[in-house]
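In case you want the letters, here they are:
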2 protein chains.
Amino acid sequence: MNAPAAPQKAPRNLDLPALLAALGETLPPDQISTNAGIRDRHGRDESYHATEMPDVVVFPHSTEEVAAIARVAQRFQAPLIPFGVGTSLEGHVAATHGGISVDMGRMNKVIEVNAADLDVMVEAGVTRKQLNAFIKDQGLFFPIDPGADATLGGMSATRASGTNAVRYGTMRENVLGLTVVLADGRIIRTGGRARKSAAGYDLTRLFVGSEGTLGIITEVRLRLYGIPEAMASATANFPDIGAAVNTVIQVIQSGIPVARIELIDEVQIDAINRYSKLDLPVRPTLFFEFHGSEAGVAEQSESVKAIGEEFGMSDFAWSLKPEERSRLWQARHDAFYAGLALRPGAKGCPTDVCVPISRLADCILETKEDLIATGLLAPLVGHVGDGNFHLNILLDPDNAAEFARVKDFTGRLAHRAIAMGGTCTGEHGIGSGKIAFLEAEHGAAVAAMRQLKAALDPDNRMNPGKIFRA
Amino acid sequence: MNAPAAPQKAPRNLDLPALLAALGETLPPDQISTNAGIRDRHGRDESYHATEMPDVVVFPHSTEEVAAIARVAQRFQAPLIPFGVGTSLEGHVAATHGGISVDMGRMNKVIEVNAADLDVMVEAGVTRKQLNAFIKDQGLFFPIDPGADATLGGMSATRASGTNAVRYGTMRENVLGLTVVLADGRIIRTGGRARKSAAGYDLTRLFVGSEGTLGIITEVRLRLYGIPEAMASATANFPDIGAAVNTVIQVIQSGIPVARIELIDEVQIDAINRYSKLDLPVRPTLFFEFHGSEAGVAEQSESVKAIGEEFGMSDFAWSLKPEERSRLWQARHDAFYAGLALRPGAKGCPTDVCVPISRLADCILETKEDLIATGLLAPLVGHVGDGNFHLNILLDPDNAAEFARVKDFTGRLAHRAIAMGGTCTGEHGIGSGKIAFLEAEHGAAVAAMRQLKAALDPDNRMNPGKIFRA
């Protein structure tokens, strides 16, 4: 759904022929491309942001090659934009200032699995599904699931989270260490294999979520988990959003270690009924997943049921069996396409915010009123255990006036979340799309962020135009 | 046990009378002290490091006062050393370059408790016990327990953890946001109340563990937890350290959410028997604590018992009852003083390292051989669920030759842990005591840390001489 490619910007006096010659001395020919189709593919993500093509795409095979590329880029003052599989949602990979797209896709080896220590080291181009397939036979899994089969380097760079975060945390909690190539080609290794350390600054957490603006992540050490003995799923309906959210608050406060709690609103349920020919009650619905022992998941489920019933919950359905669990969650899995089908021909503009759970019902209700007032249709799903919710705003990509209304609406949504003590993005990141809200959220702290950026990237060549205006 | 105060260093041309005059214009007289006893108290922590007195101690009442102090300090190029209650262990508060000690003790208000969102905002001088007393009636608790009743600002600054970290994480995972005064007096607020955010750099995690070298933490927003419905304790003995550690590895890998797993070695058990007139089997012993529902903690305990028995565990004792739980853990609580009593008149030199759990048995066994070869006595306790262990090396503080041997030993221990993929400190921090090991652990990344330090503190006035050589 990307808008047509913007004319290439050349704010820098990039001597492209000389840069290409220098890259040619650094890498074999099959690791460099100036093909327009390939450049176009590397200048866009899955969002509505305009495609902005890099001047050249390189495909390194090792950290040392990334470092060599960075040294060439420094010599020619060329921007460097890391690229995973392009599933980001806020324009993260667009080459707003031209330069070199560094495609990490060929760095896709699982380097070492330490089953006893529950950690793994992967190259940045390994995807989460690839990792999970690799470690499954050892009884291990990596829980962070942002939906897309993103690379683990990209997930680190954007601080990804998703449905499992309520129990397992986000990439912030699950990255143990990184190998990073800095703007000048230096290679640093952050963190380590110990589960905790008090030795020096937490560089790992600084690079997690830095969206390529401080360095290129080439290797990631992750925390793993044993596959739970039992998993159970449940669904239940609520009289209104407030009742659903109050149930969630009580569940979290009781310390019930729910693995997933997803909310779908009645608009989305209606869409699913139409799309999947179902007859679900058109009410706000919570989807639960429980991980633990068989007795443990049964107990968790009983506790959740007891809490929900205090808030008017009905139709509680629960199962341990894989096929039944899939059936219960089917509506959640169908949500995306069911939502799009509400308006044939429309594209989805995804956006997310996150607020303290106590404000979640207010934030959702105000937002739904705003949608109606603005004349927009946007099914809602939420990782509500974290206070995080997503809208997929349905719009006609060729209607500029509608697009402008969508932009205004997402701005109001971001400011609403911030005013409630929340954040303009729970998991998609700032990219180029939410720069305007960073200052509203972090105030004077943004200047400190810029000082850190200037310290590690004095020429502003690392994914320029992201997080901060270039 | 601190060594006598070193002669005050004056590497800067600090115009002390003018500085004091300017502070006098900034703060009321009862918030400024140049009393030698007070300065001495603020130049030492609980470690063996030499006392180094600041030139003056100030007692701010608000973030704004801290900012005003910072502006005065900048004008006179005076170092600023934040002070909590002085329970750090690596010389963190010693004024190695003179300057102003900023005692946060009067900023001791709990600002707001959000029970629904399980978060709290406190001033940096609130201690963890004070916080827990404050929130107990609301059914809430803050789990991080480093032993000492440290301030939450100090715990943030040193990335504290302790016995509960295996389940609840460390300060890294439990600080949601900070108010920080920077070197030039700017006030920034990091993080927020949302459970997760992908908006900009993770400044919170950068300041957590920065040991006062990047700014002064004045307020801390923390994650809280509901007090579990049930707590249970258990103890068990093992034929050797390897069997105990293998049990721990299996427990963690099985995903059993144990709240605490502590190891005490046979030397320490022997000490406890003598000290507390007990008759415990002189074998490596694990202490467990379980949090959850009544059925949940019983199930966790059963699972642990089944695993331990595969590794030759014996004398498994378990209880839900508070008085019985206290009795079971008595030996663990007595460990510190029982250890000291092994060598009457000796002082303890505490040190800690942390390694991947798979290397924990090797690291402990090699270290115990080294202790014997070096002729040192040092009881061992370990937060073994994290691979973290502590030695309290018993030494005669007036014996310089012995002190030198201790220093050599702790150096070997740090390098051993690093060589095993671990860290030179799991929770005490670098301070001035472990600077030599930071480079060994982090290599080229230390230069990147120094670049960040220079960006936020260009004059190197924020707790100089800590983490890095000044």
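Small disclaimer: the values here were computed from a predicted structure and weren't measured.

Q: Quick question: what am I supposed to make of the interface of chain A and chain B here?
A: In many analyses, interface size is given as the accessible surface area lost on bringing the parts together. The partner chain B presents 79 residues to the 79 residues of chain A that form the contact. Carbon and sulfur atoms make up 56% of the area that chain A and chain B hide from each other, which totals about 6200 Å². Three residues stand out in chain A for area buried against chain B, namely K196, A198 and Y201 of chain A, and they jointly supply 15% of the buried area on that side. A salt bridge links E427 of chain A to K196 of chain B; the nearest nitrogen and oxygen atoms lie 2.8 Å apart. Between chain A and chain B we count 32 residue pairs in polar contact (both at pLDDT 80 or more) in total. Among the elements that line the side of chain A that touches chain B, the one with the most residues is helix α16 (residues 445-456) of chain A, at nine residues. Its residues placed into classes, the side of chain A that touches chain B shows 35 nonpolar, 27 polar and 17 charged.

Q: Any chance you could explain the environment of A259 of chain A here in plain terms?
A: All names here are of chain A. Looking at the secondary structure, you find A259 in the loop between α9 (241-253) and β13 (260-264). With a relative accessible area of 0%, A259 lands in the buried category. Spatially, the C-alpha atom of A259 lies 33 Å from that of R44, the residues being 215 residues apart in sequence. Once residues within four sequence positions are removed from consideration, A259 is found in contact with T163, N164, V166, R167, Y168, E289 and H291.

Q: Can you help me understand the confidence of the model for chain A in this one?
A: In low-pLDDT regions, the fine details of the predicted coordinates are not to be read closely. On average, residues of chain A score 94 in pLDDT, and 97% of them reach the 70 mark or higher. Note on residues 1-10 of chain A: pLDDT is under 50 here. Beyond four places in sequence and across chains, it has 28 contacts.

Q: Can you help me understand the pairing of strand β4 (residues 100-103) of chain B in this one?
A: Both faces of the sheet carry side chains from a regular strand, because those side chains alternate between them. Residues and elements named next belong to chain B. The side-chain alternation of β4 yields two buried faces, one formed by I100 and V102 and the other by S101 and D103. Where strand β2 (residues 56-58) meets β4, three bridges bridge the pair, whose relative direction is parallel. By the bridge assignment for β4, V57 is matched with S101. Sheet topology note: the strand β3 (residues 80-83)/β4 ladder contains four bridges and is parallel. Looking at the pairing, I81 lines up with S101 of β4.

Q: Just checking my understanding: could you explain helix α15 (residues 435-442) of chain A for this structure?
A: Turning to α15 of chain A, its buried residues are I435, F437, L438, E441 and H442 of chain A. The arc enclosing the buried residues of α15 of chain A, seen along the axis, measures out at 145 degrees, which places them on a common side. On its buried face, α15 of chain A is in contact with α14 (400-419) and α16 of chain A together with β9 (187-191) of chain B. Looking one or two residues beyond α15 of chain A, the residue adopting positive phi is G443 of chain A, at roughly 50 degrees.

Q: So what exactly am I meant to see when it comes to the relation of the copies chain A and chain B here?
A: One copy of the chain maps onto the other through a rotation about an axis plus a displacement along that axis. Rotating chain A by 180 degrees and translating it 0.0 Å along the rotation axis places it on chain B, where the RMSD comes to 0.0 Å. Look at the turn and shift together and you get a two-fold axis relating the two.

Q: Teacher, can you tell me more about helix α4 (residues 128-135) of chain A here?
A: Because each turn of an α-helix spans 3.6 residues, side chains separated by three or four positions end up pointing in the same direction. All names here are of chain A. For α4, the complete set of buried residues consists of R128, L131, N132 and I135. Around the axis of α4, the buried residues are gathered within 95 degrees of arc, so they sit on the same side. Of the surrounding elements, those touching the buried residues of α4 are β5 (110-114), β6 (119-123), β7 (140-141), α5 (152-157) and β10 (216-223).

Q: Explain the state of the cysteines to me, please; I cannot follow it from the model alone.
A: Throughout this description, disulfide means a covalent bond between two cysteine sulfur atoms. What the rule picks out here adds up to zero disulfides over all chains. Of all cysteine sulfurs in the structure, the one in C363 of chain A sits closest to C354 of chain A, which takes part in no disulfide; the separation is 9.6 Å. Take C349 of chain B: it sits in no disulfide, and the sulfur closest to it among the cysteines is that of C424 of chain B, at 14 Å.

Q: Would you mind going over the nonpolar core with me for this structure?
A: Grouped burial of nonpolar side chains is what soluble globular proteins tend to show. Counting residues in hydrophobic clusters, the biggest one holds 192 residues, and the most contacted among them are L131 and L222 of chain A together with L131 and L222 of chain B. When near neighbours in sequence (up to four residues on either side) are disregarded, L222 of chain B contacts L118, D119, V120, V122, L131, F142, L152, M171, N174, V175 and L176 of chain B. Residues I69, V72, I100 and I216 of chain B belong to the second largest nonpolar core, which totals 25 residues.

Q: Any chance you could explain a nonpolar patch on the surface here in plain terms?
A: Residues and elements named next belong to chain A. A cluster of nonpolar side chains, Y275, F336 and Y337, forms an exposed patch at the surface whose accessible area comes to about 350 Å². Looking at the element boundaries, Y337 is found in helix α12 (residues 322-341). Given the relative accessible area of 52%, Y337 is considered exposed.

Q: Is there a simple way to think about the sheet that holds strand β6 (residues 119-123) of chain B in this case?
A: Consider a sheet: its strands pair through backbone hydrogen bonds, and that pairing is either parallel or antiparallel. All names here are of chain B. Taken together, five strands build an open sheet; the order of strands is β5-β6-β10-β8-β9 and the sheet is antiparallel. Among the strands making up the open sheet, the edge pair consists of β5 (110-114) and β9. Across the sheet, the axes of successive neighbouring strands diverge by a mean angle of 10 degrees, strand direction being ignored. Seen against the sheet, helix α3 (residues 63-76) touches β8 (175-181), β9 and β10 (216-223) and runs at an angle of roughly 45 degrees to β8.

Q: For this particular structure, what's the right way to read the packing of aromatic side chains?
A: Given two aromatic rings, one states the distance between the centres and the angle between the planes to describe the pair. In the structure shown here, the tally under the stated rule is 16 aromatic pairs over all chains. On the numbers, 5.5 Å between centres and 85 degrees between planes, the contact of Y201 of chain A with F468 of chain B is edge-to-face. On the criterion of chain membership, the pair formed by Y201 of chain A in the loop between β9 (187-191) and α8 (203-207) and F468 of chain B in the segment after α16 (445-456) is interchain, its members lying in two chains. Classification of Y201 of chain A as buried rests on a relative accessible area of 3%. Ring geometry for Y168 of chain B versus Y225 of chain B: centroids 4.9 Å apart, planes at 75 degrees, classification edge-to-face. With a gap of 57 residues between them, Y168 of chain B in helix α6 (residues 165-168) and Y225 of chain B in strand β11 (residues 225-226) connect regions that are remote in the sequence. Here Y168 of chain B falls in the buried class, since its relative accessible area comes to 8%. Overall, Y225 of chain B belongs to the buried group, its relative accessible area being 17%.

Q: Can you help me understand the packing of α15 of chain A against α16 of chain A in this one?
A: Geometry of a packed helix pair, given as the angle between the helix axes and the separation of the axes. Residues and elements named next belong to chain A. Between α15 and α16, whose axes approach to 7 Å, the crossing angle comes to 120 degrees. The angle between α15 and α16 falls in the class oblique. Here L438, E439 and H442 of α15 come into contact with α16, specifically with A445, V446 and M449. The residue inventory of the contact of α15 with α16, partitioned by class, reads four nonpolar, one polar and one charged.

Q: Even after reading the chapter, I still don't get the side chain of T127 of chain B, so can you show me in this structure?
A: With respect to the helices and strands, T127 of chain B occurs in the loop between β6 and α4 (128-135). Ignoring any residue separated from it by four or fewer positions in sequence, one finds T127 of chain B in contact with D149, A150, T151 and L152 of chain B.

Q: How should I be thinking about the pattern of salt bridges in this particular structure?
A: Opposite charge on two side chains lets them pair, provided their charged atoms get close. Residues and elements named next belong to chain A. What the rule picks out here adds up to 60 salt bridges over all chains. Between D202 and R205 there is a salt bridge, with the nearest N and O atoms lying 3.1 Å from each other. You'll find D202 and R205 in the same group, each marked buried. Put simply, E112, D117, D119, R193 and R221 are held in one network by salt bridges that share partners.

Q: Mind showing me how you'd approach the domain arrangement of chain A here?
A: Residues and elements named next belong to chain A. Each assigned domain of chain A is listed with its residue range as follows: domain 1 (16-106), domain 2 (110-226), domain 3 (228-339) and domain 4 (343-427). A C-alpha centroid distance of 29 Å is found between domain 2 and domain 3. On the side of domain 3, 10 residues touch domain 2, which itself brings eight residues to the contact. For the pair domain 2 and domain 3, the summed buried surface comes to about 760 Å²; carbon and sulfur atoms form 50% of the total. Contact with domain 3 buries surface across domain 2, with T163, V166 and R167 losing the most and accounting together for 64% of the total. Between the two partners, domain 2 and domain 3, sit one salt bridge. As a salt-bridge pair, R260 and D145 come within 3.5 Å of each other at their nearest N and O atoms. Counting across the interface, domain 2 meets domain 3 through six residue pairs in polar contact (both at pLDDT 80 or more). In terms of residues, the side of domain 2 that touches domain 3 owes the most to one element, helix α6 (residues 165-168), which gives three residues. Each residue belonging to the side of domain 2 that touches domain 3 can be placed in one class, and the counts come to three nonpolar, three polar and two charged.

Quick notes on the rules
Residue positions are given per chain, counting from 1 as you read along its sequence in written order. Each chain gets a letter, beginning with A, and each ligand a number, beginning with 1, in the order they are written. A pLDDT threshold of at least 70 governs which residues receive local features in this predicted model, and a stricter bar of 80 or more applies before side-chain atom pairs are shown or counted, although totals over entire chains, interfaces and linings include all residues. Heavy atoms from the whole structure form the basis of all side-chain values; hydrogens and water molecules are not counted. By definition in these notes, contact holds between two residues if any of their heavy atoms fall within 4.5 Å. Buried area is a sum: the accessible area each of two parts loses on coming together, probed at 1.4 Å, counted once for each and added. Any Lys or Arg side-chain nitrogen located within 4 Å of an Asp or Glu carboxyl oxygen qualifies as a salt bridge. Pairs of N or O atoms within 3.5 Å make up the polar contacts considered here, provided that, within protein, one atom can donate a hydrogen while the other can accept it, and that residues adjacent in sequence are counted only when both atoms are side-chain atoms. Numbering of helices and strands starts at the N terminus; helices are DSSP runs of H or I of at least 4 residues and strands are runs of E of at least 2. Charged means Asp, Glu, Lys or Arg here, nonpolar means Ala, Val, Leu, Ile, Met, Phe, Trp, Tyr, Cys or Pro, and polar covers whatever is left, Gly included. Residue burial is assigned from relative accessible area. The probe radius is 1.4 Å, only protein chains are included, and a residue is buried under 20% of its type maximum, exposed over 50%, and partly exposed in between. On a scale of 0 to 100, pLDDT captures the predictor's confidence in every residue. In short, DSSP must find at least two bridges between two strands for them to pair. Here the arc refers to the set of directions running from the helix axis out to each C-beta atom. We superpose the copies by least squares over the C-alpha atoms of residues that have a pLDDT of at least 70 in both of them. Cysteine sulfurs are considered disulfide-paired once they come within 2.5 Å of each other. Among the buried residues, those of types Ala, Val, Leu, Ile, Met, Phe, Trp, Tyr and Cys that are joined through side-chain atoms within 4.5 Å form a nonpolar core. Within the patch definition used here, like charges are joined within 9 Å and nonpolar side chains (Val, Leu, Ile, Met, Phe, Trp, Tyr) within 5 Å, considering only residues with over 30% relative accessible area and no salt bridge. With residues, only the protein chains shown are counted as cover, and all accessible areas are computed by Shrake-Rupley using a 1.4 Å probe. Axis definition: a line fitted to C-alpha atoms, limited for helices to the stretch in contact. Angles are taken between N-to-C directions and run from 0 to 180 degrees. The aromatic pairing rule takes the rings of Phe, Tyr and Trp, using the six-membered ring of Trp, and pairs them if the centres are within 6.5 Å, calling planes under 30 degrees apart stacked, those over 60 edge-to-face and the rest tilted. To sort the angles, those under 35 degrees are grouped as roughly parallel, those over 145 as roughly antiparallel, those from 65 to 115 as roughly perpendicular, and the leftovers as oblique. Marked domain ranges trace back to an automatic or database domain assignment.

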